[in-house]
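Inside the fold
Listed below, chain by chain, are the residues.
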2 protein chains.
Amino acid sequence: MSEFDLIRRHFTRATPNALLGVGDDAALLQVSAGKVLAVSSDMLVCGTHFFADADPCLLGHKTLAVNLSDLAAMGATPRWATLALSLPGADEAWLERFSAGFFALAQRHQLDLVGGDTTRGPLNLCVTIMGEVPASLALRRDGAKVGDEVWVSGNLGDAALALAHLQGRVHLSGSEFDAVAKALHQPQPRVALGLALRGIANSAIDVSDGLLADLGHILAASGVGAEIELAAMPVSAVMRSQPALAQRCVLAGGDDYELCFTAAAHHHDELLRIAHELNLPLTCIGKAVAGKDCIVHDASGSSIQLESGGYDHF
Amino acid sequence: MSEFDLIRRHFTRATPNALLGVGDDAALLQVSAGKVLAVSSDMLVCGTHFFADADPCLLGHKTLAVNLSDLAAMGATPRWATLALSLPGADEAWLERFSAGFFALAQRHQLDLVGGDTTRGPLNLCVTIMGEVPASLALRRDGAKVGDEVWVSGNLGDAALALAHLQGRVHLSGSEFDAVAKALHQPQPRVALGLALRGIANSAIDVSDGLLADLGHILAASGVGAEIELAAMPVSAVMRSQPALAQRCVLAGGDDYELCFTAAAHHHDELLRIAHELNLPLTCIGKAVAGKDCIVHDASGSSIQLESGGYDHF
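Attention here is on the structure that accompanies the text. (Residues numbered from 1 in each chain as written. Chains lettered and ligands numbered in written order. Predicted model: local features only at pLDDT ≥ 70, side-chain atom pairs only at ≥ 80, totals over all residues. Heavy atoms only, no water.)

**A look at the interface of chain B and chain A**
Listed by partner, the interface residues are 63 residues for chain B and 63 residues for chain A. If you look at where chain B meets chain A, you find four salt bridges. A salt bridge links R141 of chain A to D24 of chain B; the shortest N-O distance between them is 3.7 Å. One can count 21 residue pairs in polar contact (both at pLDDT 80 or more) joining chain B with chain A. Secondary structure elements with two or more residues in the side of chain B that touches chain A: α1 (3-11), β1 (27-29), β2 (36-45), α2 (56-74), β3 (77-87), β4 (112-120), β5 (124-133) and β7 (201-207) of chain B. A total of nine residues in the side of chain B that touches chain A trace back to one element, the largest contributor, which is β2 of chain B. In this structure, strand β1 (residues 27-29) of chain A lies alongside β2 of chain B, joined through three bridges in antiparallel fashion. Its bridge partner being in β2 of chain B, L29 of chain A is matched across the sheet by L37 of chain B. (Contact = heavy atoms within 4.5 Å. Salt bridge = Lys/Arg side-chain N within 4 Å of Asp/Glu carboxyl O. Polar contact = N/O pair within 3.5 Å; in protein donor to acceptor, adjacent residues only side chain to side chain. Helix = DSSP H or I, 4+ residues; strand = E, 2+ residues; numbered from the N terminus. Pairing = 2+ DSSP bridges.)

Here is the structure:
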């Protein structure tokens, strides 16, 4: 199978959102009137982001999900993506399952794969995702204000707990692992939430490197501090049964792909209504304050000393 | 050095073309009124596209150049790019030279680096490039018409000849190698030519996999054949001194990053004028004909039997 056959067979689908899709030197895309383009790239490397024996269907899902999560955090509507792959060989069965996982998620978000590249080399998956948002409604990192409430979606730390189990650092029962493994292998990008937060959130980020690291980016960009309550953190039942690991998984675990955002306190009830409508828990975990530090209080109100920031590749 | 320090130090420059550049979940870009977005991704892998000991400055240039070449082949004006890197380690000296080569070329084309990703893993460089073009003037592959003249820019085959020398398949003198090595290491994307061809060329492609393979894409997409003349091929003096290798390097070498395009015969003189203005040779190498084959004639007029199509990773 040639490189072109491979692209044709596994990565060429209809591209109703594009003027010109896969198969020319570049795709041609019309950005909607009144919208600006939101663009982000994420690269997933075998051995760094996933194991070599990862289920290719789940990997296809996750490769796109982590990119959709970036658009969600901007309040952008997903529209297009390119996918560049470096593959050790042309493994038809692997490609079929990878592309099935990728396109199932793409279709759910009406996203077109409009181009990319396929080459031989160590397994590496690079997506550039493009969406649209009215410029004035984009959810940036630098808009948090003193007095804002700090919120997160979903539960935190389950992906890190599942990884700890896979790495032998904790032992979960089969049913416990199943309950948290979905967060690691099939994160659900919070695209609908991002859209619902337009005009409500003052700042937003997706939690990929751990809550404290990512909230820290909001605080640094906005020039504010925060006080957050450990007891308020949304965690799963499995996480609650692992008190020794919980704090680290929840605050610094990474790979959550939930949204962390800030909003004025008068939006509190509206956010609870959005949570109900989206069937997605939204939890107020603290508030933005003057200063530049992020202080975490435990249940007794004492501030917690933390070891490390978050995930860092270098 | 952390991942964020690394990005800040080596990959964060002013982004005058962007509403929001590096440092949020996504960049925000305003596409100009009356233009559509042209998007392309290319991934360069160590061991497949370049040697591990490649000069990082030249590699930075080439990583962007091959992407600019795709925009040139669409007749698009370069505007923005994202760069995702997988790096074996945080080698400051390497990164400084790589980014110097990348940004020197970016600046020459007023292109902003607006985002990307940095991760640990086998050396891999993935650029997604974005440009603008009026939709009706984009140079597509599918517009070639019977009777069109077939043209190429620059010289063909020098990059393949330089690679053959590096791989020990031919021995060039020092000055001969220097003369052709520039084509391999520092290809000059034909952006100005792409813009000049708007409204003149009926189809275009950049020659990255070898002339016959890439011209073949135009012919297949356009539903036409072609007759081309081997004797007409633009080649360097060094190439002329290597008759045993010339045919294969010129027709199937790859890595040329010249433009191959077709245009109605009445544009012939205008194209020669453009060549003069851009100080870039443009050579008519044949014409598009009815049918679907590409026939290559040698100097005596006989058709040549060819071995293989072009570069294929799989």
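There is more to say, and it comes next.
**Re the pairing of strand β9 (residues 258-263) of chain B**
Residues and elements named next belong to chain B. Judged by how many residues are buried, β9 sits mostly within the fold: six of six residues are covered. Neither face of β9 is exposed, since E258, C260 and T262 on one face and L259, F261 and A263 on the opposite face are all buried. Where strand β6 (residues 149-153) and β9 come together, four bridges link them in antiparallel fashion. If you follow W151 over to β9, its bridge partner there is F261. Both β7 and β9 contribute to a ladder of six bridges, which runs antiparallel. The residue of β9 that forms the bridge with S203 is T262. (Buried < 20%, exposed > 50% of the residue type's maximum accessible area, 1.4 Å probe, protein only.)

**Observations regarding unusual backbone geometry**
Positive phi, normally seen in glycine, also occurs at Q110 of chain A, with a value near 50 degrees. Tracing the sequence through the fold places Q110 of chain A in the loop between α3 (92-108) and β4 (112-120). Take Q110 of chain A: its relative accessible area is 64%, and that puts it in the exposed class. One non-glycine residue, Y257 of chain B, lies in the positive phi region at around 55 degrees. The class of Y257 of chain B is buried, set by a relative accessible area of 9%.

Honestly, that's just the spatial picture; any functional story needs more than this.
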